[in-house]
Amino acid sequence: MRSVDIVKRYFKELMIRSQDFLGTPEKRQKVLSMFPSRTIQSSLNDWATSPGSTETKWNELKSTWLNYCKKMKVRNEKNAIYEIILQLCYPRLDVNVTKGFESLTEVTFSPVHPKTGRVCVPFSLK
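Residues numbered from 1 in each chain as written. Predicted model: local features only at pLDDT ≥ 70, side-chain atom pairs only at ≥ 80, totals over all residues. Heavy atoms only, no water.

Asker: Just to check I follow, could you spell out the confidence of the model for the protein chain for this structure?
Answerer: Detailed reading of the predicted model is not advised wherever pLDDT is low. In this model, the protein chain carries a mean pLDDT of 80, and residues with pLDDT of at least 70 account for 74%. Mean pLDDT across the secondary structure elements of the protein chain bottoms out at helix 7 (residues 95-99), with 60, and peaks at helix 5 (residues 54-72), with 92. (pLDDT = per-residue confidence, 0-100. Helix = DSSP H or I, 4+ residues; strand = E, 2+ residues; numbered from the N terminus.)

Okay, here's the thing in structure tokens:
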């Protein structure tokens, strides 16, 4: 999985240190909702609301998920972690942003999409 290997190199610096992606209970809940199992989500509600640094929270989340997978005999347990890393870091193409800036004009001089909060950059293949 070449894309995972590329993104993993930057994940800690960008998402954990720079963007503090688990800095609030709301952000933690959003990441928690990316996991495939409702059982793990409900058991981590206390995790989402308790204080802690993003790095600590990320390590706790990975550890809890891997323990859950061992207990439930889930195969390919790291796929959920990789999926979250890719969801948060991997660049995506947005055809509507590339066609025009209309979806970005709500926030002046900002390439951040107003509804998704993702960075959007129009480009041309020419």
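From this point, the narrative continues.
Asker: I keep staring at the packing of aromatic side chains and nothing clicks. Help me out?
Answerer: What describes a pair of aromatic rings is the distance from one ring centre to the other and the angle between the planes of the rings. Under the counting rule described, the total for this entry stands at five aromatic pairs. Seen from their ring centres, Phe11 and Phe21 are 5.4 Å apart, and the 70° between their planes marks the pair as edge-to-face. Of the two residues, Phe11 sits in helix 1 (residues 2-18) while Phe21 sits in the loop between helix 1 and helix 2 (25-32), which places them 10 residues apart along the sequence. The residues Phe11 and Phe21 share a single accessibility class, namely buried. Site record: aromatic cluster; members linked through ring pairs are Phe11, Phe21 and Trp58. (Phe/Tyr/Trp six-rings, centres within 6.5 Å; stacked < 30°, edge-to-face > 60°. Buried < 20%, exposed > 50% of the residue type's maximum accessible area, 1.4 Å probe, protein only.)

Asker: Help me understand the nonpolar core in this model?
Answerer: The nonpolar side chains of soluble globular proteins are, as a tendency, buried together. Counting 22 residues, the largest nonpolar core has Phe11, Phe21, Phe35, Trp47, Trp58, Leu61 and Trp65 as the members making the most contacts within it. At the level of elements, helix 1, helix 2, helix 4 (45-49), helix 5 and helix 6 (78-89) are the ones that each hand at least two residues to this core. Here this core takes five residues from helix 5, the largest share from any one element. Each residue touching Phe21, except ones within four places of it in the same chain, is listed here: Phe11, Met15, Ile16, Lys27, Val31, Thr54, Trp58 and Leu88. (Core = buried A, V, L, I, M, F, W, Y, C linked by side-chain atoms within 4.5 Å. Contact = heavy atoms within 4.5 Å.)

Asker: Hey, could you run me through unusual backbone geometry in this one?
Answerer: Note: most residues except glycine have negative phi, and most peptide bonds are trans. For Lys73, which is not glycine, the phi torsion reads 55° and is therefore positive. Inspection of the secondary structure assignment puts Lys73 in the loop between helix 5 and helix 6. With a relative accessible area of 72%, Lys73 lands in the exposed category. For Asn76, which is not a glycine, the phi torsion comes out positive at approximately 55°.

Asker: Help me understand the pattern of salt bridges in this model?
Answerer: One pass over the structure, following the stated rule, counts three salt bridges. Where Glu55 meets Lys12, a salt bridge forms, and the shortest distance between an N and an O atom there is 3.0 Å. Taken together, the residues span a long stretch of sequence, with Glu55 in helix 5 and Lys12 in helix 1 at a distance of 43 residues. The class for Lys12 is partly exposed, based on a relative accessible area of 37%. For Glu60, the salt bridge goes to Lys57, with nearest N and O atoms at 3.7 Å. (Salt bridge = Lys/Arg side-chain N within 4 Å of Asp/Glu carboxyl O.)

Asker: How should helix 2 be read in this particular structure?
Answerer: Helical geometry note: an α-helix holds 3.6 residues per turn, so side chains three or four residues apart project in the same direction. Within the span of helix 2, buried status applies to Arg28, Val31 and Leu32. Axial view of helix 2: buried residues confined to an arc of 100°, hence all on one face. Turned more than 90 degrees away from the buried face of helix 2 sit Glu26 and Lys30, all of them exposed. (Arc of directions from axis to C-beta.)

Asker: Would you mind going over the environment of Pro25 with me for this structure?
Answerer: Relative to the helices and strands, Pro25 is located in helix 2. For Pro25, a relative accessible area of 34% translates into the label partly exposed. Remark: the alpha-carbon pair of Pro25 and Pro51, spanning 26 residues in sequence, is separated by 8.3 Å. Those residues within four positions of Pro25 in sequence are excluded, and the remaining contacts are Ala48 and Thr49.

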